[in-house]
Amino acid sequence: GSFFDAAFDEGVVEVNPPFDEDLVLRVATACETSLARASAAKRILVFVIIIPETDWAGHAALLESRFKRAYRSAPSGQHFYTVGNQHTNSQQCYPASRNTTIIVLASQLVTGAARLAERVKEVFRERPPPIAAAAARPRPASVPPPGRGRGF
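Let us look at the structure shown here. (Residues numbered from 1 in each chain as written. Predicted model: local features only at pLDDT ≥ 70, side-chain atom pairs only at ≥ 80, totals over all residues. Heavy atoms only, no water.)

1. With respect to helix α3 (residues 113–125)
We apply this condition: A run of DSSP states H or I qualifies as a helix once it reaches four residues; a run of E qualifies as a strand once it reaches two. Both are numbered from the N-terminal end. One less than the residue count of a helix, multiplied by 1.5 Å, gives the span that helix is expected to have. The criterion used for residue contact is that any of the two residues' heavy atoms lie within 4.5 Å.
Taking 1.5 Å per residue as the helical rise, α3 with its 13 residues ought to reach 18 Å, and the 19 Å between its terminal C-alpha atoms agrees with that figure. Buried residues along α3 sit in contact with β2 (45–52), β3 (68–74), β4 (80–82) and β6 (100–106).

2. Focus: the packing of helix α1 (residues 21–40) against helix α2 (residues 57–64)
Note the following rule: Geometry is summarised by axes, namely lines fitted to C-alpha atoms with helices restricted to the contacting stretch, and by angles between N-to-C directions that run from 0 to 180 degrees. If an angle is under 35 degrees, it is roughly parallel; if it is over 145, roughly antiparallel; if it lies from 65 to 115, roughly perpendicular; otherwise it is oblique. Crossings are classed by handedness, with left-handed meaning an anticlockwise turn of the near helix from the far one by less than a right angle and right-handed meaning a clockwise turn. Classification convention: Asp, Glu, Lys, Arg as charged; Ala, Val, Leu, Ile, Met, Phe, Trp, Tyr, Cys, Pro as nonpolar; all other residues, Gly among them, as polar.
It is the contact of α1 with α2, at a shortest axis distance of 7 Å, that shows an interaxial angle of 25 degrees. In terms of axis orientation, α1 runs roughly parallel to α2. Where α1 crosses over α2, the two elements pack in a sense that is left-handed. For the pair α1 and α2, contact is made by Val24, Leu25 and Ala28 and by Ala57, Gly58, His59, Ala61 and Leu62, respectively. Along the lines of polarity and charge, the residues of the contact of α1 with α2 split into 6 nonpolar, 2 polar and no charged.

3. Regarding the sheet that holds β3
Note: strands within a sheet are paired through backbone hydrogen bonds, in either parallel or antiparallel orientation. The following threshold applies: Strands pair, by our definition, only if DSSP identifies at least two bridges between them.
Pairing within the open sheet is mixed, and its 4 strands lie in the order β1-β2-β6-β3. Of all strands in the sheet, those with a lone pairing partner are β1 (11–15) and β3, marking the two edges. This sheet shows a mean twist of 10 degrees between the axes of neighbouring strands, independent of strand direction. Where β3 meets β6, 6 bridges bridge the pair, whose relative direction is antiparallel. Paired with Lys68 across the two strands is Leu105, which belongs to β6. Against the sheet, α1 engages β1, β2 and β6, with an angle of about 165 degrees to β2. Strands in contact with α2 are β2, β3 and β6; relative to β6, the strand with the most contacts, it is inclined by about 45 degrees.

4. Re the packing of aromatic side chains
A ring pair, where both rings are aromatic, is described by two values, the distance of the centres and the angle of the planes. Filter applied, for reference: Stacked, tilted and edge-to-face are the three classes assigned to paired rings of Phe, Tyr and Trp, where Trp is represented by its six-membered ring and a pair needs centres within 6.5 Å; plane angles under 30 degrees give stacked, over 60 edge-to-face, the rest tilted. Type-normalised accessible area, obtained with a 1.4 Å probe on protein chains alone, sets the label of each residue: buried when under 20%, exposed when over 50%, and partly exposed for intermediate values. By definition, being over a ring means that NZ of Lys or CZ of Arg is both within 6 Å of the ring centre and within 35 degrees of the ring normal.
Per the stated rule, a full pass over the model turns up 4 aromatic pairs. Aromatic side chains Phe3 and Phe4 sit 5.3 Å apart centroid to centroid with 85 degrees between the ring planes, which places their arrangement in the edge-to-face category. Its relative accessible area of 21% is what places Phe3 among the partly exposed residues. A centroid spacing of 5.3 Å and a plane angle of 35 degrees characterise the contact between Phe3 and Phe8, whose relative ring orientation is tilted. The residue whose ring lies beneath Arg26 is Phe4, and the NZ or CZ to ring-centre distance is 3.8 Å.

5. Comments concerning the side chain of Lys121
We count it as follows: The charge count treats Lys and Arg as positive and Asp and Glu as negative. His and the chain ends do not count. Here a salt bridge means any side-chain nitrogen of Lys or Arg lying within 4 Å of a carboxyl oxygen belonging to Asp or Glu. Polar contact is defined as a pair of N or O atoms within 3.5 Å, subject to the rule that within protein one atom must be able to donate a hydrogen and the other to accept it, and that residues adjacent in sequence are counted only when both atoms are side-chain atoms.
Turning to its location among the elements, Lys121 is positioned in helix α3. Of the side chains with opposite charge, Glu118 comes closest to the buried, unpaired Lys121, at an N-O distance of 4.8 Å. A polar contact is formed between the side chain of Lys121 and the backbone oxygen of Ser73, at a distance of 3.1 Å. Beyond its immediate chain neighbours, meaning those up to four positions away, Lys121 contacts Arg72, Ser73, Ala74, Pro75 and Ile102.

Printed below as a string of structure tokens:
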């Protein structure tokens, strides 16, 4: 379902929206609303948000949120991303061409928020294995091997 239709009350949610200025602003607004509701209810809700470093209003709103607990920037060329069509693409990952921002927003103070943001940044630096290594990994019978989609 849509992120914008979901009701987040507590827990940890990873948010990596399409890199679109309007969507990032909508994400910032939705996160702020959910976090305010969780804070008032004394529940712990955490968003780990991954977006490009930009001058967009949504990026600024996330960085200025009263719920921001940690923030890191992963420099371009020093971290990788996996393409969304990795099941049909022979190259699974690419070096990021721009800085990426990792933001941890939480309804309550959370021990380890800074460490969580740092660990996410570290994971982005680790290049995923090549497609041949990924294809060799055991997978459930219900998951087709790379390049053999079900034709959806």
